[in-house]
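# Structural overview
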Amino acid sequence: MKIVCAYSGGLDTSVMVHWLKERYDAEIITYTGDLGQGDDLEAIRKKALRTGASRAVVDDLRERFIEEFIWPAVKGNARYEGTYPLHTALGRPLLAQRLCEVADEFGADAIAHGCTGKGNDQVRFEVAAQCLAPHLQILAPLREWDLTTRELEIEYALARNIEVPVTLEKPYSIDENIWGCAIECGEMEDLWNEPPEDAWRMTKDPRTVKLESREIVLGFEEGVPVSLDGRLLPSVLLLEELNELVGSYGIGRMDMVENRVVGLKSREVYEGPAAVVLLAAHEELERVVLDRATSTYKRKIANDFANLIYDGLWFGPLRHALQAFIDETQRHVTGEVRVRLSAGRAMITGRRSPFSLYDDGLATYSKGDTFDRAAAEGFLKLYGLPYATWGQVQRRIGEREV
Ligand code: ARG
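Residues numbered from 1 in each chain as written. Predicted model: local features only at pLDDT ≥ 70, side-chain atom pairs only at ≥ 80, totals over all residues. Heavy atoms only, no water.

## A word on the site of the ligand
Around the ligand, a shell composed of 15 residues is seen, among which Tyr 84, Asn 120, Arg 124, Glu 258 and Glu 268 lie nearest. Within the side chain of Ser 173, an N or O atom sits 2.9 Å from a nitrogen atom of the ligand. Calculation on the ligand without its partners gives an accessible area of 340 Å², and the protein chains cover 92% of this total. Secondary structure elements with two or more residues in the shell around the ligand: α4 (87-105), β6 (173-177), β7 (180-184) and β12 (265-271). Looking at side-chain class alone, the shell around the ligand contains seven nonpolar, three polar and five charged residues. (Near = heavy atom within 4 Å. Polar contact = N/O pair within 3.5 Å; in protein donor to acceptor, adjacent residues only side chain to side chain. Areas by Shrake-Rupley, 256 points an atom, 1.4 Å probe, with all protein chains shown as cover. Helix = DSSP H or I, 4+ residues; strand = E, 2+ residues; numbered from the N terminus. Nonpolar A, V, L, I, M, F, W, Y, C, P; charged D, E, K, R; others polar.)

## Observations concerning the side chain of Glu 176
For Glu 176, the location among the structural elements is in strand β6. Within polar-contact distance, the side chain of Glu 176 engages the side chain of Arg 201 at 2.7 Å. Ignoring anything within four residues of it in the chain, the contact list for Glu 176 reads Gln 37, Cys 181, Arg 201 and Met 202. (Contact = heavy atoms within 4.5 Å.)

## Focus: the pairing of strand β13 (residues 335-342)
Only one face of β13 is covered, namely the one carrying Gly 335, Val 337, Val 339 and Leu 341; the face carrying Glu 336, Arg 338, Arg 340 and Ser 342 has none of its residues buried. As defined by bridge partners, strand β8 (residues 214-221) adjoins β13 across seven bridges and the pair is classed as antiparallel. Following the sheet pairing, Val 217 is matched in β13 by Arg 338. Relative to strand β14 (residues 345-352), β13 runs antiparallel, the two sharing seven bridges. Within the sheet, the bridge partner assigned to Glu 336 lies in β14 and is Arg 352. In this antiparallel pair of consecutive strands, β13 and β14, the connection spans two residues, and Gly 344 shows a positive phi of 75°. (Buried < 20%, exposed > 50% of the residue type's maximum accessible area, 1.4 Å probe, protein only. Pairing = 2+ DSSP bridges.)

## Notes on unusual backbone geometry
A negative phi angle is the norm for most residues apart from glycine, just as the trans form is the norm for most peptide bonds. Unlike most non-glycine residues, Asn 77 shows phi in positive territory, near 50°. Tracing the sequence through the fold places Asn 77 in the loop between α3 (62-75) and α4. Since its relative accessible area comes to 7%, Asn 77 is described here as buried. Non-glycine residue Cys 185 carries a positive phi angle of around 80°. The residue Cys 185 is located in the loop between β7 and β8 in this model. Taking the relative accessible area as the measure of exposure, Cys 185 reaches 26% and is therefore partly exposed.

## Description of the environment of Gly 114
Its location among the elements puts Gly 114 in the loop between β4 (110-112) and α5 (121-132). Along the chain, Gly 114 and Ala 6 lie 108 residues apart, while their C-alpha atoms are 6.9 Å from each other. The contact partners of Gly 114, leaving out residues within four places of it in the chain, are Thr 13, Met 16 and Leu 142.

## Observations regarding the sheet that holds strand β10 (residues 231-232)
Ordered in space as β10-β9-β8-β13-β14, the five strands form an open sheet in which the pairing is antiparallel. Both edges of this open sheet fall to β10 and β14, since each of them pairs with a single strand only. Packed onto the sheet, helix α8 (residues 235-248) meets β8, β9 (224-228), β10 and β13 and runs at close to 65° relative to β9. (Axes fitted to C-alpha atoms, helices over the stretch in contact; angles between N-to-C directions.)

## Side note on the layout of surface pockets
What the second largest pocket holds in volume is close to 280 Å³. Of all the secondary-structure elements, those providing two or more residues to the lining of the second largest pocket are β6 and α8. It is α8 that contributes the most residues to the lining of the second largest pocket, six residues altogether. Each residue belonging to the lining of the second largest pocket can be placed in one class, and the counts come to three nonpolar, seven polar and seven charged. (1 Å grid on protein atoms, 1.4 Å probe; cavity = no way out; pocket = protein on both sides within 12 Å on 5 of 7 lines; lining within 4 Å. Points joined across faces, edges and corners; volume = space filled by probe spheres on them.)

## A closer look at helix α11 (residues 317-329)
Look at α11: 19 Å from first C-alpha to last across 13 residues, which is about the 18 Å you get at 1.5 Å a residue. Listed as buried for α11 are Arg 319, Leu 322, Gln 323, Ile 326 and Thr 329. Each buried residue of α11 sits inside an arc of 115° when the element is viewed along its axis, so together they form one side. Where α11 is buried, its residues contact α3 and α10 (292-310). (Expected span 1.5 Å × (residues − 1). Arc of directions from axis to C-beta.)

## Here we look at helix α13 (residues 373-383)
The buried fraction of α13 amounts to zero of the 11 residues, a small share that puts the element mostly on the outside. For α13, the capping residue at the N-terminal end is Asp 372, with a side-chain oxygen 3.1 Å from the backbone nitrogen of Ala 374.

## Description of the sheet that holds strand β1 (residues 2-6)
Pairing between the strands of a sheet comes from backbone hydrogen bonds, and it takes one of two forms, parallel or antiparallel. Pairing is parallel in the open sheet, where five strands are placed in the order β3-β2-β1-β4-β5. Unpaired on one side and paired on the other, β3 (55-60) and β5 (137-139) mark the two borders of the sheet. Sheet twist, expressed as the average angle between the axes of neighbouring strands with direction ignored, equals 25°. Where β1 lies against strand β2 (residues 27-34), five bridges are found, and the strand directions are parallel. Of the residues in β2, the one forming a bridge with Val 4 is Ile 29. Sheet contacts for helix α1 (residues 11-24): β1, β2, β4 and β5; angle to β1, the most-contacted strand, approximately 165°.

## Some thoughts on the packing of aromatic side chains
For any pair of aromatic rings, the description consists of the separation of the ring centres together with the inter-plane angle of the planes. Per the stated rule, a full pass over the model turns up eight aromatic pairs. Ring geometry for Trp 19 and Trp 145: centres 5.7 Å apart, planes at 75°, overall edge-to-face. Placement of the pair is Trp 19 in helix α1 and Trp 145 in the loop between α6 (141-144) and α7 (150-159), with a sequence separation of 126 residues. What makes Trp 19 buried here is its relative accessible area of 12%. Site record: aromatic cluster; members linked through ring pairs are Tyr 80, Tyr 84, Tyr 270 and Tyr 310. When the ring centre of Tyr 24 is taken as reference, the NZ or CZ atom of Arg 23 above it lies at 5.2 Å. (Phe/Tyr/Trp six-rings, centres within 6.5 Å; stacked < 30°, edge-to-face > 60°. Lys NZ or Arg CZ within 6 Å of the ring centre and 35° of its normal.)

That is the geometry; function is a separate question.
Structure representation (structure tokens):
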């Protein structure tokens, strides 16, 4: 048997490589994708080989992640339950896709992931793999084995010469990539506790930011972020620069209780400096270029779109159908948005687009007003007609007295 195994270099997946090899008498190929989590990939590759993998595949997925997953989500203004920009939920389908591609390339029989049985990520990995490669078997050792605590895993690792990370890790579970960071566990499990300062990774403490306030200009083309302060930047650089800059103002922190797919509520603390300002700016540009009906309709489906990303249905038919609608709405979402950054706060201060539907003549209250006030009279007669009829009936039956 040949298994392609998702590998991060941490304790879980290192034990997993060994466990799978023994349990299935299998050849193990590890797969590690760089989504911008900031790990030393060469060190991870070498560690995978030392841990018993016959091959260790590592690749830089940052550009593909942004272009094929993050930008489509931005076009749809995807925030789960109104807040979470979905960085983890967007990353999993890509990792699953690469696992399947690598499995087919090497003629493997199965893929394996290190997700627990209590989380959303198992759903995203497995449904994505089912959509893309239903012929592959999916293994989830963490749901199966009896190494139910960290101590048992360490004991297992030490007995088999598997390297255990020496650094005393913070007591948090962290998932980071170029679109954001999620932090849970430790004292945050009590909903009343404020997240401790050492939990944050991408943002400075907004209470102690000393920077002068400044403005930035974000440029979009057909709904896709393309520039910062007038400089066209490749997608990876754009997000890296923006995360650094916006994060230095302590902007982009979120603390929420969310509903997981598997039924429970959990508390997650998120950071997404670039995500927060880009989503706000994109939404603002849409206000200027979309007609009212499209804008209202799009806002309604944004919630469904975010839910299905969260629920692991990225490669399913509904996401494709909604994406086609969303992409069509983005044809004129081109222009710039100005944002003022100050400690802990980003505020939109300007917007412009060659496709703006804002008409100065119609909008002004000063000289040059082109709005036809007289037309409002006829409009109100018809617009109010159902209510005039309703009001008459109310009076007749005595429900309302005026
Ligand atoms: N709750 C988020 C999601 O389901 C993030 C999951 C990973 N969180 C973590 N702290 N490791 O997408």
